[in-house]
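# A look at the structure
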Amino acid sequence: MKGMRPLKSSSPHGKKHQPLTRECTVCRRDYTLTHDERRGNQRFCSRDCHRIVTSYKKGHRDFLLLTILQEGGSMTSHDLARITTKFWKSATQRSIGLIMKAWIGRGIISAVRTQPKRPYTYTFESDLYPGELIIKHCRKK
Ligand SMILES: [Zn+2]
């Protein structure tokens, strides 16, 4: 419920940290990030919601790409490849272009090219969250 806060918030070290809440990408439930999770890429309220996304074919891979675009704004396949190679070794502009093509076809991503032969710039266009999009559009493993 929005606006409801626990009366007392105390951390083991006695320091007060402003709680940071996020909406879960799968079920939209608000959840609070722990201090350690703030800098990480926690996007799920629970292991169960994480498990839902990974139960879809290529679910986690597409989820990561959609999340990068949703949070990072417009990017080219070159930008996406540079970011994704940190966790996905075989990411190339070409492989990312193919994945984007599927999401463009679903109306979730738009692609514009400023000049001929330049890479497309991709923009996340959906009101749904990346986790919800995986559930809606991908097939179960
Ligand atoms: Zn959730």
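Here the structure is a predicted model, which means the values were calculated and not measured. Residue positions are given per chain, counting from 1 as you read along its sequence in written order. Predicted model: local features are reported for residues with pLDDT of at least 70 only, side-chain atom pairs are reported and counted for 80 or more only, and whole-chain, interface and lining totals are derived from all residues.

### Considerations on the overall build of the chain
A run of H or I in DSSP counts as a helix once it spans at least four residues, and a run of E counts as a strand once it spans at least two, with each numbered from the N terminus. From N to C terminus, the chain includes five helices and five strands. When its helices and strands are written in sequence order, the chain yields β-β-α-α-β-α-α-β-β-α. Neighbour counting defines burial: a residue surrounded by 20 or more other C-beta atoms within 10 Å of its own C-beta is buried, one with 12 or fewer is exposed, and intermediate counts give partly exposed, using backbone-placed C-beta atoms. Residues classed as buried in the chain amount to 21% of the 141 residues present. Throughout, a residue-residue contact means that the two C-beta atoms, derived from backbone geometry, are no farther apart than 7 Å. Partitioning the contacts of the chain with sequence separation of at least 6, the portion at a separation of at least 24 is 45%.

### Focus: the environment of I134
As for its position among the elements, I134 is in helix 5 (residues 130-137). Classification of I134 by C-beta neighbours within 10 Å gives buried; the count is 25. Separated by 77 residues in sequence, I134 and K57 place their C-alpha atoms 9.1 Å apart. If we skip the residues at most four places from it in the chain, I134 touches V53, Y56, G59, D62 and F63.

### Section: the environment of T76
Locating T76 in the fold gives a position in strand 3 (residues 75-76). With 19 C-beta atoms counted inside 10 Å, the residue T76 sits in the partly exposed group. In this structure the C-alpha to C-alpha distance between T76 and R113, which are 37 residues apart in sequence, comes to 9.3 Å. Sequence-distant contacts of T76, that is, excluding residues within four places in its chain, are made with P119, Y120 and T121.

### Some words on the sheet that holds strand 5 (residues 121-124)
Taken together, three strands build an open sheet; the order of strands is 3-5-4 and the sheet is antiparallel. Strand pairing shows two members of the sheet lacking a second neighbour, strand 3 and strand 4 (109-112), which therefore form its edges. Lying over the sheet, helix 2 (residues 59-72) contacts strand 3, strand 4 and strand 5, oriented at roughly 85 degrees with respect to strand 5. DSSP-based pairing: two strands are paired if at least 2 bridges between them are found. Axis lines are fitted to C-alpha atoms, over the contacting stretch for helices. Their N-to-C directions set the angle, which ranges from 0 to 180 degrees.

### Looking at helix 2
The end-to-end C-alpha distance of helix 2 is 19 Å, a good match for the 20 Å that 14 residues give at a rise of 1.5 Å each. Taken together, the buried positions of helix 2 are G59, D62, F63, L64, L65, L66 and L69. Of the residues flanking the end of helix 2, it is G73, one or two places downstream, whose phi is positive at about 80 degrees. By this rule the span expected of a helix is its residue count minus one, scaled by 1.5 Å.

### Focus: the pairing of strand 2 (residues 30-33)
Two strands pair when backbone bridges link them, and strand 1 (residues 20-23) and strand 2 are joined in this way by four bridges, in the antiparallel orientation. Each residue of the ladder has a partner; that of L20, found in strand 2, is L33. Once strand 1 ends, the chain turns through six residues before running back antiparallel as strand 2, passing R28 with a positive phi of about 65 degrees.

### As for the environment of R43
Summarising the element assignment, R43 is placed in the loop between strand 2 and helix 1 (47-54). Take R43: there are 21 C-beta atoms within 10 Å of it, and that puts it in the buried class. Leaving out residues up to four positions away in the same chain, R43 has contacts with T25 and T67.

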